[in-house]
Structures are given as structure tokens and as C-alpha cells.
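Here is how the chains run, residue by residue.
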Amino acid sequence: MSLVCYSNSSESENEENLEDTANCNKSVIRNIERKNLPQASMLLGESKASVEVIDEPSLHEGRVRGFKHERGNWATYVFVPISGDLLEDLQESCLTQISKLTDFKTCAEFHISLSKTIVLQYHLIDAFVECLEGAIQNCQSFPVALNQLMVYTNSERSRTFLAVKIEDLYMMKMTELLSHVNRVMLDFKLDTFYKDPSFHISFLWCLGDQVKLIESHLPQLVNALKDCLCIKIEIQNINCKSGYKEFTFKLKN
């Protein structure tokens, strides 16, 4: 299964909360429009020199940027952070089982994506974060379980990921949480998340499109890892990372 193959599906929404969020976002955006145009230094962020950044995949284990780096544009995404302790056993056991297939690497951090990677101009970061915080301020924390191995690629199909997927039983809760993030994206005229989301945690990756290769070995993997494939976590925080800045919002207990 690939991240670029999502199809349309309906999304459950909490209308009352979304209306409050929309009002908050419109207010913030109106405030932005009323302000004078920001100076160039505000638009571009702090920088010592105007130097073109050249992508060097060899410095990043072969990974390639999804879009060209431009000064003043900050790569931004929203996600649920996951403690590394919860997946270390699965990660280690799985790597042992499939290390002969191709050159797999471990994911340094674990998370559940709630947005695509989007680009924000520097002067919009604070407004975006403020609206996101307002959008999820009434959201409650909740538990989920993960028990299904899945294979994904990024949109450029330059990397393949082995992941564990959230059970369908919790799809409604996750989709409701996602709807608040999507509304903020729409208010800022940014891309929303995939129409048919597959909420998951990636824990191994390799270069290139290796979906068919890995999927052909999934039955053996599932059988070998059945004792590790029952993971329960609590969705407690939502994070937003923009460049080197990271913001954390705690959900209600």
C-alpha cells in the first residue's frame, strides 16, 4: 500500500468545535491582513547570509528533499509524537528478520502523521500555530491499538517504509482529530491530509520503491513478529514542527 494511493472517503467532524475553530482562524487571518507588510527580515527569518542551499543526499543517508529549499519557506508538518520505548522491540525484531532483503535503516523518531509536509512562510508560523492550538483545544486524549504491518512509500516514491497501522476500531477518533487539523490547513490555503488516511507509525525505511519486494515477505514477517504486534498507546499530545521550531499541544484528559 502506498501513501500516494489514497482515495476519497467521508470524514466525521464535530461541527460545533469546527465552527469555533473557523471563527478563531478568520479572526487571526483578518489581523494578519490588517497589519502592514512585514519587512524582508521578518519574511525570511533570521539568516547570516543569503546563500543558496544545495541538497546533498549523501549527507542524509540518500534521502532527497520533497521540494527545493528556499530562504523564508519553512517545511512544516503536524503529528502525534510516539515514545520510542513502545516500538523498539518490534523495530529490532523486524530488522533482524528482513535485513537480508535490502538495506533497511531504523527511524530515529516515531510519530503518527496528521498532515502532509507543507511550506509556511516565516511570518505566518506564529499565526498558524495559534490557530492550530485553538482548533484542538477541546480535543480529548484517547487510547489506540496497532496490530497490522503495512508498507508505504513517500509521494516521490524515493523511500519505502515498514509501519504498523492503527486498528480500524479507532478510525473515527483519529479522523475526528484530523478534521480539526485539516480545517486549519484550509483556512491558510494549504493542502489537507490524504482523503482516505491510513494512520500508522513507520519504524524502518529503505531507499527506492521496494513495496512489492517487502509485501511479498509480509506473511512470514507477521508470523515471526506476532508476539510484538500488539501495541497500545495513548494519544495525548499534538506536535507541530516548522523548520527547527517545534510546538507541543497537550490534549485534555
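Residues numbered from 1 in each chain as written. Predicted model: local features only at pLDDT ≥ 70, side-chain atom pairs only at ≥ 80, totals over all residues. Heavy atoms only, no water.

Engineer: Which residues make up the overall build of the protein chain, and what are the values?
Structural biologist: Secondary structure assignment for the protein chain yields seven helices and 10 strands. Expressed as a percentage of the 253 residues in the protein chain, the buried residues total 40%. Taking contacts inside the protein chain between residues at least 6 apart in sequence as the whole, the part at least 24 apart equals 82%. Counting every atom, the protein chain has about 14300 Å² of accessible surface; 48% of that belongs to carbon and sulfur. (Helix = DSSP H or I, 4+ residues; strand = E, 2+ residues; numbered from the N terminus. Buried < 20%, exposed > 50% of the residue type's maximum accessible area, 1.4 Å probe, protein only. Contact = heavy atoms within 4.5 Å. Areas by Shrake-Rupley, 256 points an atom, 1.4 Å probe, with all protein chains shown as cover.)

Engineer: Lay out the sheet that holds strand S5 (residues 142-153) in plain terms, naming residues and giving numbers.
Structural biologist: The antiparallel open sheet is built from five strands, whose spatial order is S2-S7-S6-S5-S8. If you trace the sheet from one side to the other, it starts and ends with strand S2 (105-106) and strand S8 (231-235), each paired once. Relative to strand S7 (residues 200-207), S2 runs antiparallel, the two sharing two bridges. Counterpart to Thr106 in the pairing with S7 is Leu204. Helix-sheet contacts for helix H3 (residues 88-98) involve S2, strand S6 (159-166), S7 and S8, and the interaxial angle to S7 is about 35 degrees. Packed on one face of the sheet, helix H5 (residues 171-187) meets S5, S6 and S8 and runs near 85 degrees to S5. (Pairing = 2+ DSSP bridges. Axes fitted to C-alpha atoms, helices over the stretch in contact; angles between N-to-C directions.)

Engineer: Lay out the pattern of salt bridges with the relevant residues and their values.
Structural biologist: In the structure shown here, the tally under the stated rule is three salt bridges. With its nearest N and O atoms 2.9 Å apart, the salt bridge here joins Arg157 to Asp209. Separated by 52 residues along the polypeptide, Arg157 in the loop between S5 and S6 and Asp209 in the loop between S7 and helix H6 (211-215) bring together distant segments of the chain. What makes Arg157 partly exposed here is its relative accessible area of 32%. Residue classification places Asp209 among the partly exposed residues on the basis of a relative accessible area of 38%. (Salt bridge = Lys/Arg side-chain N within 4 Å of Asp/Glu carboxyl O.)

Engineer: I'd like to hear about the packing of aromatic side chains, residue by residue, with values.
Structural biologist: Taken as a whole and judged by the stated rule, the model has six aromatic pairs. Each ring, one from Trp74 and one from Tyr244, has its centre 5.3 Å from the other, and the planes form 50 degrees; the classification is tilted. With Trp74 in strand S1 (residues 73-82) and Tyr244 in the loop between strand S9 (237-242) and strand S10 (245-250), the pair connects residues that are 170 residues apart, well separated along the chain. Trp74 gets classed as buried once you look at its relative accessible area, which sits at 11%. Tyr244 sits in the exposed class, given a relative accessible area of 63%. Measuring from ring centre to ring centre gives 5.5 Å for Phe128 and Phe188, while their planes differ by 75 degrees; the resulting arrangement is edge-to-face. In this pair, Phe128 sits in helix H4 (residues 125-135) while Phe188 sits in the loop between H5 and S7, placing the two residues 60 residues apart along the sequence. Both residues of the pair, Phe128 and Phe188, count as buried. (Phe/Tyr/Trp six-rings, centres within 6.5 Å; stacked < 30°, edge-to-face > 60°.)

Engineer: Which residues make up the pairing of S6, and what values do they have?
Structural biologist: With eight of eight residues buried, S6 lies mostly within the body of the structure. Note: S5 against S6, seven bridges, orientation antiparallel. Across the sheet, residue Leu146 finds its bridge partner in S6, namely Ile166. Bridging between S6 and S7 involves seven bridges; their strand directions are antiparallel. Considered in S7, the bridge of Arg159 is made with Leu207.

Engineer: I'd like to hear about a negative patch on the surface, residue by residue, with values.
Structural biologist: Taken together, Asp85, Glu88, Asp89 and Glu92 make up a surface patch of like negative charges. Its place among the elements puts Glu92 in helix H3. (Patch = residues over 30% accessible without salt bridge, like charges linked within 9 Å, V, L, I, M, F, W, Y side chains within 5 Å. Lys, Arg positive; Asp, Glu negative; His and termini not counted. Charge placed at Lys NZ, Arg CZ, Asp CG, Glu CD.)

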